[in-house]
Amino acid sequence: DLSLADRFKFSGSLTYTHTENRVDEPAYRGNQLPRIPEWEAHTRTGVMLPFSITVGHRMDYMAHNYWDATNWYASSPRAIHGVYGVWEEPHSGISIGVDIMNVGDQMTQIQPIDPLNPELSGDGVVGVTDFVGLPLPGRSWMLRLEWTR
């Protein structure tokens, strides 16, 4: 976490994960393990306004990851953006906030239609999915109420 002049806040993380399949099967040996991206980054920036209000932006990035042990089928890298606003009552520990996740409503991505012959088949539009092929939600609104003592 980083704070500048008690007005700007930044927090973030960057993760690098090297995976390697070490089985004896030649089709899989040395490949990246499925569903684990090599790079992930998460950032959250905010501006503190008068009346104990904070507004900001968040970004979640994932590098491509393979869906199978042969490393033939891969998801595209993606960055999902969100915005948020929070009001904090300074003496009671109560805060109320709203988060809008996937503010750009990113529902599709471009990737090879046939990963085994990308030069022959070209690219196509496919739905954005998570690590196991389930669809990610589009724009989502979340309300939150917190109380800390």
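Before going into details, it helps to say that this report is about the structure given with it. (Residues numbered from 1 in each chain as written. Predicted model: local features only at pLDDT ≥ 70, side-chain atom pairs only at ≥ 80, totals over all residues. Heavy atoms only, no water.)

### Looking at the sheet that holds strand β2 (residues 8–16)
And step 1. Ordered by their spatial adjacency, seven strands build an open sheet running β1-β2-β3-β4-β5-β6-β9, and the pairing between neighbours is antiparallel. Edge positions in the sheet fall to β1 (2–4) and β9 (140–147), since each of these pairs with one other strand and no more. Across the sheet, the axes of successive neighbouring strands diverge by a mean angle of 15°, strand direction being ignored.
And step 2. Pairing geometry for strand β6 (residues 94–101) and β9, over eight bridges, is antiparallel. Within β9, the position partnered with Ser95 by the bridge is Glu146. (Pairing = 2+ DSSP bridges. Helix = DSSP H or I, 4+ residues; strand = E, 2+ residues; numbered from the N terminus. Axes fitted to C-alpha atoms, helices over the stretch in contact; angles between N-to-C directions.)

### Side note on the packing of aromatic side chains
And step 1. Here the structure, examined in full by the defined rule, presents one aromatic pair.
And step 2. Aromatic pair Tyr16 and Trp39: ring centres 4.8 Å apart, planes at 50°, arrangement tilted. Of this pair, Tyr16 sits in strand β2 while Trp39 sits in strand β3 (residues 39–49), and the two are 23 residues apart along the sequence.
And step 3. We classify Tyr16 as partly exposed; its relative accessible area is 44%.
And step 4. Classification of Trp39 as partly exposed rests on a relative accessible area of 37%.
And step 5. Residue placement shows Arg44 over the ring face of Tyr84; its charged tip is 3.8 Å from the ring centre. (Phe/Tyr/Trp six-rings, centres within 6.5 Å; stacked < 30°, edge-to-face > 60°. Buried < 20%, exposed > 50% of the residue type's maximum accessible area, 1.4 Å probe, protein only. Lys NZ or Arg CZ within 6 Å of the ring centre and 35° of its normal.)

### A short note on unusual backbone geometry
And step 1. At Ser52, a residue that is not glycine, the phi angle is positive and equals roughly 60°.
And step 2. Positionally, Ser52 belongs in the loop between β3 and β4 (53–62).
And step 3. At Asn71, a position not held by glycine, the phi torsion is positive, near 65°.

### Some points on the pattern of salt bridges
And step 1. Enumeration over the complete set of coordinates arrives at three salt bridges.
And step 2. Between Arg144 and Asp99 there is a salt bridge, with its nearest N and O atoms 3.0 Å apart. Taken together, the residues Arg144 in strand β9 and Asp99 in strand β6 connect sequence positions 45 residues apart.
And step 3. Judged by relative accessible area, which is 25%, Arg144 ranks as partly exposed.
And step 4. A relative accessible area of 9% places Asp99 in the buried class.
And step 5. Ionic pairing is found between Glu146 and Arg144, a salt bridge with its closest N-O pair at 2.9 Å.
And step 6. A cluster of three or more residues bridged by salt bridges with shared partners is formed by Asp99, Arg144 and Glu146. (Salt bridge = Lys/Arg side-chain N within 4 Å of Asp/Glu carboxyl O.)

### What to know about the side chain of Asp60
And step 1. Inspection of the secondary structure assignment puts Asp60 in strand β4.
And step 2. There is a polar contact of 2.6 Å between the side chain of Asp60 and the side chain of His42.
And step 3. In contact with Asp60, other than residues within four places in its own chain, are Ala41, His42, Arg78, Ala79 and Ile80. (Polar contact = N/O pair within 3.5 Å; in protein donor to acceptor, adjacent residues only side chain to side chain. Contact = heavy atoms within 4.5 Å.)

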